[in-house]
Amino acid sequence: MALNAPLLGLGRPALEQWVQQRGQAAFRGRQLHDWLYSKGVRDLDQVSVLPKQFRQQLLAEPPADAFDWIGRSRELQRSVALDGTTKLLLATHDGLSIETVGIPNPNRLTVCVSSQVGCAMACRFCATGKGGFQRSLALHEIVDQVLSVREVMQQRPSHVVFMGMGEPLLNIDAVLASIDCLCSDLGMAQRQITISTVGVPKTLPKLAALAQEHLGRTQFTLAVSLHAPDQQLREQLIPTAHAYPLEFLLEDCKQYVLTTGRRLSFEYILLGGLNDHPAQALALADLVSGFQSHVNLIAYNPIEEEEFQRPSPAAVEAFRSNLEGRGIAVSVRASRGLDADAACGQLRRRFATSTSA
């Protein structure tokens with residue numbers, strides 16, 4: 001455990017060790033744990049149960065990679081849709097910004113978190129990729145997103161999806177460490193957490209092994225973004241897909257299912273007139289049949305930089321019906337927040353444009 005790392009993300013034993021290394025009794029670590037995760041404190045000076053002299057000592061020497069010892073980010077902007085979907089733009093200590101989204105449903109609050117600042121995958125339909133990649137997020141920056149949504153929406157998150165900015169499998173260690181924290185310290189269950197990936201060569205076997213090492217067992221859901229039923233179209237939509245042909249990606253998916261015993265979810269963004277034809281639905285069914293999986297259809301949220309079209313409701317229903325007719329488990333994700341910068345990366349890009357104008 002690094003002595004100068006932010007406290008957010010550390011569990012109770014690590015916090016007890018941290019305070020003891022600074023001459024405090026172990027119970028101070030348990031107090032810190034309560035203030036970090038139950039109370040969601042933002043500033044170390046607010047932790048009034050700690051001796052004032054100890055707080056002053058720490059405030060004089062904050063860690064280099066956070067605003068202060070707690071490790072919380074600062075809100076730059078908030079966008080709230082008519083359906084209650086709330087998108088937050090958060091500032092990092094080094095002047096960058098990330099997005100996180102709270103998606104409310106009856107008896108449920110899902111938090112969509114980012115794993116990186118920007119993204120190197122450059123998917124054409126995604127606003128995040130237009131800004132390029134800057135860096136991966138640290139453990140405390142990922143956990144903070146969940147706490148920030150909880151604070152703003154005044155509701156305990158029930159589910160977390162790694163579907164925000166970035167490619168989670170290019171930041172595996174921090175993502176798995178954050179899942180450990182969400183489960184051990186915030187009381188969530190792995191089955192309430194989903195990791196989404198477009199596919200990075202040689203990472204799925206590594207993910208299965210590391211999840212076993214970090215978490216003891218693999219119970220989170222892995223969602224693999226396909227978006228096309230053939231390699232040629234997939235490369236048009238996801239330029240980095242040329243390095244990971246569909247046949248190899250699907251072989252790794254099958255091996256992941258065998259290793260973990262967990263069903264995969266395949267994500268498919270429907271782009272009007274491009275990948276939403278009946279023949280493509282049948283090709284997709286042939287592609288994903290034969291092992292434990294589920295297809296999640298997502299109607300495209302338009303972004304300014306591309307001319308892709310949102311599919312018609314009839315096209316979405318026909319695509320779903322064709323998959324179901326081939327025996328494929330399928331669902332259609334309800335579109336949320338369409339009136340408030342719905343597409344991932346849009347709020348960040350608009351904020352950057354407005355502040356540089």
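Everything below is about the structure shown above.
Residues numbered from 1 in each chain as written. Predicted model: local features only at pLDDT ≥ 70, side-chain atom pairs only at ≥ 80, totals over all residues. Heavy atoms only, no water.

*Asks:* How would you explain the sheet that holds strand 10 (residues 264-270) if you had to name every residue and give the values?
*Replies:* Strand pairing within a sheet occurs via backbone hydrogen bonds; the two strands may be parallel or antiparallel. Across the sheet, 10 strands lie side by side as 1-2-3-4-7-8-9-10-11-12; this open sheet has mixed pairing. Strands with a single pairing partner mark the edges of an open sheet, and in this sheet they are strand 1 (74-80) and strand 12 (330-333). Strand-to-strand, the axes of this sheet are offset by a mean angle of 25°, without reference to chain direction. Alignment of strand 10 against strand 11 (residues 293-299), held across seven bridges, turns out to be parallel. Among the inter-strand pairings, Ser-265 is bridged to a residue of strand 11, identified as His-294. Seen against the sheet, helix 9 (residues 246-260) touches strand 9 (221-225) and strand 10 and runs at an angle of roughly 145° to strand 10. (Pairing = 2+ DSSP bridges. Helix = DSSP H or I, 4+ residues; strand = E, 2+ residues; numbered from the N terminus. Axes fitted to C-alpha atoms, helices over the stretch in contact; angles between N-to-C directions. Contact = heavy atoms within 4.5 Å.)

*Asks:* I'd like to hear about unusual backbone geometry, residue by residue, with values.
*Replies:* In this structure, Gln-154 takes a positive phi of about 50° despite not being glycine. Position of Gln-154 relative to the elements: it lies in the loop between helix 5 (139-153) and strand 7 (159-162). Unusually for a residue other than glycine, Lys-202 sits at a positive phi of about 70°. Its place among the elements puts Lys-202 in the loop between strand 8 (193-197) and helix 7 (204-215). Assessed through its relative accessible area of 73%, Lys-202 is described here as exposed. (Buried < 20%, exposed > 50% of the residue type's maximum accessible area, 1.4 Å probe, protein only.)

*Asks:* Help me get a handle on the packing of aromatic side chains, residues and values and all.
*Replies:* Here the structure, examined in full by the defined rule, presents four aromatic pairs. Look at Trp-18 and Trp-69: their rings are 5.4 Å apart centre to centre, the planes differ by 65°, and that puts the pair in the edge-to-face class. Here Trp-18, found in helix 1 (residues 12-20), pairs with Trp-69, found in the loop between helix 3 (52-59) and strand 1; they are 51 residues apart in sequence, far enough to count as distant. Pairwise contacts between aromatic rings join Trp-18, Phe-54 and Trp-69 into one cluster. The aromatic ring of Trp-69 is capped on one face by Arg-22, whose charged end is 5.3 Å from the ring centroid. Of note, Arg-74 hangs over the ring of Phe-67, and the distance from its end group to the ring centre comes to 3.7 Å. (Phe/Tyr/Trp six-rings, centres within 6.5 Å; stacked < 30°, edge-to-face > 60°. Lys NZ or Arg CZ within 6 Å of the ring centre and 35° of its normal.)

*Asks:* Break down helix 11 (residues 313-325) for me, citing the residues and quoting the values.
*Replies:* Because each turn of an α-helix spans 3.6 residues, side chains separated by three or four positions end up pointing in the same direction. An ideal rise of 1.5 Å per residue puts 18 Å on 13 residues; helix 11 measures up with 18 Å between its terminal C-alpha atoms. Of all the residues in helix 11, the buried ones are Ala-315, Val-316, Phe-319, Arg-320 and Leu-323. Buried residues in helix 11, looked at end-on, bunch into an arc of 135°, giving them a common side. Opposite its buried face, helix 11 presents the exposed residues Pro-313, Ala-314 and Gly-325, each directed more than 90 degrees away. Contacts made by the buried residues of helix 11 are with strand 10, helix 10 (278-288), strand 11 and strand 12. Taken from the residues just after helix 11, Gly-327 is the one with a positive phi, measuring 85°. (Expected span 1.5 Å × (residues − 1). Arc of directions from axis to C-beta.)

*Asks:* Pulling in residues and values, what's your account of the nonpolar core?
*Replies:* In this structure, Phe-220 and Phe-266 are the most contacted members of the largest nonpolar core, which totals 100 residues. The leading source of residues in this core is helix 6 (residues 172-184), at seven residues. Non-local contacts of Phe-220, meaning those with residues more than four positions away in its chain, are made with Leu-176, Ile-179, Gln-190, Ile-193, Ile-195, Leu-207, Ala-211, Leu-215, Tyr-256 and Arg-262. (Core = buried A, V, L, I, M, F, W, Y, C linked by side-chain atoms within 4.5 Å.)

*Asks:* Please give an account of the packing of helix 5 against helix 6 that cites residues and values.
*Replies:* The N-to-C vectors of helix 5 and helix 6 enclose an angle of 45°; their axes lie 9 Å apart at closest approach. With respect to their mutual orientation, helix 5 and helix 6 come out oblique. In the packing of helix 5 onto helix 6, the handedness of the crossing is right-handed. Counting all contacts with helix 5, which are made through Leu-139, Ile-142, Val-143 and Val-146, the residues of helix 6 involved are Ala-174, Val-175, Ala-177, Ser-178, Cys-181 and Leu-182. Its residues assigned to classes, the contact of helix 5 with helix 6 shows nine nonpolar, one polar and no charged. (Parallel < 35°, antiparallel > 145°, perpendicular 65-115°, else oblique. Left-handed = near helix turned anticlockwise from the far one by under 90°. Nonpolar A, V, L, I, M, F, W, Y, C, P; charged D, E, K, R; others polar.)

*Asks:* Report on the side chain of Thr-203, specifying residues and quantitative values.
*Replies:* Here Thr-203 shows up in the loop between strand 8 and helix 7. Residue Thr-203 is classed as buried on the basis of its relative accessible area of 8%. If near-sequence neighbours (up to four positions away) are discounted, Thr-203 is found in contact with Leu-169 and Ile-172.

*Asks:* Quick one: what's the story with the pattern of salt bridges, residue by residue and with numbers?
*Replies:* Summed over the entire model, instances satisfying the criterion amount to 13 salt bridges. Residues Glu-267 and Arg-333 are paired through a salt bridge, measuring 2.9 Å at the closest nitrogen-oxygen approach. Within this pair, whereas Glu-267 is found in strand 10, its partner Arg-333 is found in strand 12, the two being separated by 66 residues in sequence. In this structure, Glu-317 engages Arg-320 in a salt bridge whose closest nitrogen and oxygen atoms are separated by 2.6 Å. With Glu-317 and Arg-320 both in helix 11 and three residues apart, the pair spans about one turn of that helix. With a relative accessible area of 39%, Glu-317 lands in the partly exposed category. (Salt bridge = Lys/Arg side-chain N within 4 Å of Asp/Glu carboxyl O.)

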